[in-house]
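Results of the structural survey
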Amino acid sequence: SSPSIDIFPSAPIAPVSKYIFSGFLEHLGRCIHGGVLPAGPTNFPYTPRNPCPSKDYVETPKELLTPSGFRKDVLEILRDELQMPLVRWPGGNYVSSYHFEDGIGPKEQRKRRPELAWGGEESNQFGTDEFIEWCREAKMEPFVVLNMGTGTLAEALHWIEYCNGTGDTYYANLRRKHTGRDEPYNVVYWGLGNEVYGPWQVGQMTAEAYAAAARQWAHAIRLLDPNVKLVGCGETGVTQWDAVVLDGLADKVDLHSIHLYTGFGPRDRSQTEREFARSVYGPEAAEYAIETCRGLIQKSRLARNVSAPVKIAFDEYGPWDETVGTPRNGLEQIYTLTDALAMASWLNVFVRQSDVVALACNAQSVNVISPLMTRPTGVLRQATYYPLLLFSQYMREGTAVRLAVNGSPKFEGETLPTWIGTVKGPPNVLDASAVLAQDGKSLRVAVVNRSERESYTVPVRVALAGVDSGREVEVHELWHPDVKAKNEWDGKEHEVVVKTRRAKWTGEWTFREHSFTLLVLPLQ
Ligand code: AHR
């Protein structure tokens, strides 16, 4: 049968959380030095283990920086175009040997440290005060991850007191001394460690040991600051780690984190069709992970008799081919239209799962496996930037509603290596989500056609309301004849871009092969 889409605006899933458009900054490669800050000779963090293009180093001119010395271009894109509401920092793996006191106080006295997660050295020129100042300028809420590797509970409490303390206490006063201002930073979101399950992590623990430690940390942190929201360290949402940690923490945390990247190697580049499919269908694993994790959360809440909800923080996600973005190049990756389609499917998943996904951080926000790449004097918007932009602009303010993709062709091939995740079954080639705008006047429908070669003309029906034929609809489309098309410097910056037009509605739409389309349908 030929496919069709039915949308049910009167069947809400949940309001979309603006925090699913959040970002992530880690001290890694050119994220901070080169992305947030200009890459200057005194703070250039690279060593032979982590080389970077220092040979063509150019100082970023002062007029391209904010008064505090941050790159204006990156900050403006994140704030004004992507409108990121929140950003996670300082890692990532980096945080597991990070000590916040190294990064506060007079810059010339800050200690350079060996950096254990990615190799290289940390200058500590960008610490808590600089991060908060950047957040203020970027109009983002801070989300700080605590060091549960080499860090102690005492140190975590000091960090929180430094940020949020309002009394006449040592670390609150230290903040006042360093900033010359009285007001606290009011950091609400705090992560209880990063990927503590991983053998790559400094301070790896068993799930039982982590849950026991995190319970104690959460208890003490809430005594210090009852207004915080705590994020427990989950794995991929479907593992024994997740089950044990949730059982231990369901009454202690507000959110449970999941990390998943799609497009994992090793890849076989001669198998181009398989590689396309593996990338664009990868986010199916995220949907499976969220649905499984929702069940684990419910089970643990029941066991501990918890009435407060525990939501999912998908606080690292995105396409990442580990054979391309490696520690040697600071995880820099050039993304293609294929990756952009994956990004659109990721966002469809988060919208569809709005009842439980409260936060998602695209990893990462600049230069490191990122939609944005910098040079000293400019920013390149990669193909993956455009789905983020469209979702943030059109799928944010409103309620995710139920929809049915009827009769979609199925993809039957291999999607992901089994160690990365499972999917529910052969995925639909057509992947969609819908949001009813807050004012009720329009419906936003995001559709990814994940077929490499077939376009589909699809009746799109809006239950009860309908969209009158002949009405003008807004169409945003990301498409290119070549699935490997990408944006590059020096004249090829606009190969993969969104085209926007208006069309007269006829009740159906033709979704081109390997395309992402966002329709804005008027309801009244
Ligand atoms: O985002 C890159 C890395 O991926 C993070 O440091 C880590 O948390 C994850 O493994």
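A count of helices and strands for the protein gives 10 helices and 21 strands. On C-alpha atoms alone, the protein measures out to a radius of gyration of 23 Å, which is about the 24 Å that the 2.2 N^0.38 rule sets for 524 residues. Projected onto its principal axes, the C-alpha coordinates of the protein cover approximately 65 × 60 × 45 Å. Of all 524 residues assigned to the protein, the portion counted as buried reaches 62%. Of the contacts made within the protein by residues no fewer than 6 positions apart, 77% connect residues no fewer than 24 positions apart. Accessible area for the protein stands at about 20100 Å²; split by element, carbon and sulfur atoms hold 51% of it. Taking the 55 positively charged and 64 negatively charged side chains of the protein as two groups, their mean positions are separated by 2 Å.

Moving on, we come to the site of the ligand. Surrounding the ligand, one finds 13 residues, the nearest of these being E26, N93, E195, Y261 and E316. Between the ligand and E26 there is a distance of 2.6 Å, counted from an oxygen atom to a side-chain nitrogen or oxygen. Side-chain polar atom of N194 to an oxygen atom of the ligand: 3.0 Å apart, as the coordinates give it. Summarising the interface, the protein chains cover 94% of the accessible area of the ligand, which totals 290 Å² for the free molecule.

Further remarks concern the sheet that holds strand β20 (residues 508–511). With mixed pairing, 9 strands are arranged side by side in an open sheet as β19-β18-β21-β16-β15-β14-β1-β17-β20. In this open sheet, the two edge strands, each paired with only one partner strand, are β19 (498–504) and β20. Within the sheet, the average angular offset between the axes of one strand and its neighbour, ignoring direction, is 25°. In this sheet, strand β15 (residues 430–437) lies alongside strand β14 (residues 398–406) in antiparallel orientation, the contact comprising 4 bridges. Across the sheet, the residue bridging to G398 is A437, located in β15. Taken strand by strand, helix α9 (residues 337–352) contacts β1 (4–15), β14, β15, β16 (442–449), β18 (472–478) and β21 (515–522), and its axis lies near 50° from that of β15.

The rules we used
Residues numbered from 1 in each chain as written. Predicted model: local features only at pLDDT ≥ 70, side-chain atom pairs only at ≥ 80, totals over all residues. Heavy atoms only, no water. Helix = DSSP H or I, 4+ residues; strand = E, 2+ residues; numbered from the N terminus. Rg over C-alpha atoms; globule rule 2.2 N^0.38 Å. Buried < 20%, exposed > 50% of the residue type's maximum accessible area, 1.4 Å probe, protein only. Contact = heavy atoms within 4.5 Å. Areas by Shrake-Rupley, 256 points an atom, 1.4 Å probe, with all protein chains shown as cover. Lys, Arg positive; Asp, Glu negative; His and termini not counted. Charge placed at Lys NZ, Arg CZ, Asp CG, Glu CD. Near = heavy atom within 4 Å. Polar contact = N/O pair within 3.5 Å; in protein donor to acceptor, adjacent residues only side chain to side chain. Pairing = 2+ DSSP bridges. Axes fitted to C-alpha atoms, helices over the stretch in contact; angles between N-to-C directions.

Read these as spatial facts, not as claims about activity.
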